[in-house]
Structures are given as structure tokens and as C-alpha cells.
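If you want the building blocks of each chain, they are given just below.
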Amino acid sequence: MDPLDRVVKPKTKRAKRFLEKREPKLNENTKNAMLIRGGNANLTVTAVLKDIYAVKKPFAVLYKKKNITRPFEDQTSLEFFSKKSDCSLFLFGSHNKKRPNNLIIGRMFDYHVLDMIELGVEKFVSLKDVKNSKCPEGTKPMLIFAGDVFDVNEEYRRLKSLLIDFFRGPTVPSIRLAGLEYVLHFTAADGKIYMRSYKVLLKKSGCKIPRIELEEMGPSLDLVMRRTHLASDDLYKLSLKQPKALKPKKKKNISHDVFGTTYGRIHMQKQDLSKLQTRKMKGLKKRPAEKLAEDGGATPKKSKSA
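All of these numbers come straight from a predicted model, not from anything done at the bench.

### Overview of the overall build of the protein chain
In step 1: Along its length, the protein chain carries seven helices and 12 strands.
In step 2: Taking 2.2 N^0.38 as the reference for a compact globule, 306 residues should give roughly 19 Å; the C-alpha atoms of the protein chain span a radius of gyration of 34 Å, well beyond that estimate.
In step 3: For the protein chain, the spread of C-alpha atoms along the principal axes amounts to about 130 × 65 × 45 Å.
In step 4: Burial status across the protein chain gives 29% buried among its 306 residues.
In step 5: A fraction of 66% describes how many contacts in the protein chain between residues 6 or more apart in sequence connect residues 24 or more apart.
In step 6: When the accessible surface of the protein chain is totalled, it reaches about 22400 Å², and 54% of it is carbon and sulfur.
In step 7: Charged side chains in the protein chain number 65 positive and 34 negative. The centres of these two groups are separated by 10 Å.

### What about the pairing of strand β4 (residues 102-109)?
In step 1: The buried fraction of β4 amounts to seven of the eight residues, a majority that puts the element mostly inside the structure.
In step 2: In this sheet, strand β5 (residues 112-125) lies alongside β4 in antiparallel orientation, the contact comprising eight bridges. Bridged to Ile105 within β5 is Ile117.

### Description of the pattern of salt bridges
In step 1: The final tally for this structure, using the stated rule, is 14 salt bridges.
In step 2: For the salt bridge of Arg227 with Glu73, the shortest nitrogen-to-oxygen distance reads 3.6 Å. Placement of Arg227 in strand β10 (residues 220-229) and of Glu73 in the loop between β2 (60-67) and α3 (76-85) is noted, with a sequence separation of 154 residues between them.
In step 3: For Arg227, a relative accessible area of 26% translates into the label partly exposed.
In step 4: On the basis of relative accessibility, which here comes to 56%, the residue Glu73 falls in the exposed class.
In step 5: A salt bridge links Arg227 to Glu118, with the nearest nitrogen and oxygen atoms 2.9 Å apart. On the criterion of sequence distance, the pair formed by Arg227 in strand β10 and Glu118 in strand β5 is long-range, its members being 109 residues apart.

Rules of the game
- Residues numbered from 1 in each chain as written.
- Predicted model: local features only at pLDDT ≥ 70, side-chain atom pairs only at ≥ 80, totals over all residues.
- Heavy atoms only, no water.
- Helix = DSSP H or I, 4+ residues; strand = E, 2+ residues; numbered from the N terminus.
- Rg over C-alpha atoms; globule rule 2.2 N^0.38 Å.
- Buried < 20%, exposed > 50% of the residue type's maximum accessible area, 1.4 Å probe, protein only.
- Contact = heavy atoms within 4.5 Å.
- Areas by Shrake-Rupley, 256 points an atom, 1.4 Å probe, with all protein chains shown as cover.
- Lys, Arg positive; Asp, Glu negative; His and termini not counted.
- Charge placed at Lys NZ, Arg CZ, Asp CG, Glu CD.
- Pairing = 2+ DSSP bridges.
- Salt bridge = Lys/Arg side-chain N within 4 Å of Asp/Glu carboxyl O.

Okay, here's the thing in C-alpha cells:
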């Protein structure tokens, strides 16, 4: 039996809070990523992992020791580290003669590898090489994808989804203009993926809307796609399934027109308009002749008392 699969009863309040944090929730926590250094990683791959860790902090765990594993051949070690560190995203770096400067980016579903894509680093510019001001730790980036291949090719479409999952950061209900200060730009062209990161500078423009300038911040990567391990359609669909409590309830008898006006339909029982109470006015009072006609005959007059 796997020691991580056994039922653990907390003995302290701290342990109880730790286990409650890992329990399934309707709104899941921000996804954490583990960055793993392979057994034969060179200086370039190590620097890439450190820079991605700096971008991803505080939602990342960096394993500094070398881990001799091959994710495409054996995934048990990745699943073990995923359970241990409670991470659903991973980035594995390695280097060899057949696949130099190699990165494997992937994600987990129920602590099992869902999909992963192997990328080769052809050019790398680190954070230290760009002598500009940096964004503070934990800044939520704006993600931009350029290139039709991200929407046409299935492998590139899955890579786009994976990159969004990896870099999106926490979900926030609202954001201020000054918080939009970090851009990650991914361009797919000529069989390569170009990753660039910029700092957004808000300059004075003489009006309410500021003038925007982009300043390259680093890291900068030129990548090429190598091997892929994609989940089947059924498993991928299962991973996207949402709880019923999160699905919006359908509102009946409500419609909208082209102008956005909301119309509501109500259902009422048939009303008896003969008993409808109207405003009492002198002019609406029935005359004696009308009353006689309704009663069907004359009523005896009261005799005047002497």
C-alpha cells in the first residue's frame, strides 16, 4: 500500500488544518507548480528553472537536488512528488546529446499525469541579463497568444491551455489599473514558440487614459516542440467536469431582445372581471331603471308614513 494513500487522522490542530486544506473544494485553491531538475541538467536548464520559479512564486516549489527520472518512460516519481508537495503542475528540465536543453511541462489530474509536452530551448535570456526593473513577487501576469496555429493545431491548442494553467496565477474578483504591470507574450511562428515577458509602464498622456509602453524584463525563451503525451478525449472531458453546485441555474420565463432588455413572463389564473373593484364615483353609480332591469321587475315602494 502506498504510504501516501493511507487514511491519516490528525492529532493536532495544525495537522487538521493541513488536511482540510488538501480536501476537495467547490472552488479549488490556486494551482501550485513543482520545478524538478533532472539528473543530467546543464547550466542553461538550471537557469531556466530558476527564472520560471521566480516568475511563478509563491505558487511554486523548486527541487534543487538532481532527480534521475524520465517522465515519458516512467511517471511514478512525478506522481509521488505531486502528492507530497500538493502540486498539480510540473516543469522538468534535463539535457542530453539526443535532446539538448530539454523542458517537459505538464499537469496532473487526481495525482496522475494528464498531459505533458516536451519543449527544446534554442535561445535563452535570463532575468539577470536584462538590466531593467522587475515586477514584485506574486504579480498576476496578462497572457497574450499570437499565431493561428494555437487555434488550428490540436497539440498547440493543448499547449496553449497548459501555459494558461501554468502562468495564470490566482483568480481575483476585481483588479485595479496599476495592477496590470506584467505581460507574458507567446508567439507561434515557423514551427517555434517565442516566449517574451514585459513590464507595463503607464506614462502620462494628457488625458484620463495613460499611454502604455512595454519594457522587456526577462526571461526570454525560443522554444521548439518535441514529444507530446496528451490525454484521451474522455479523460480530458472528465478533468474539465464541474460540480453541479457551481453550474449556473437556468432561469425560466426570462428572455432578452437584441438591445439587451430583459423580459419576464408570469403565469396567472383567469380573473373574474365582473367582481373587479373600481373607483367609486357618482357618475358610475347605476340608475334606478338599470337596477330594476337587473332585478327583473319592479320592487314595491315604501309607503310614506303620515
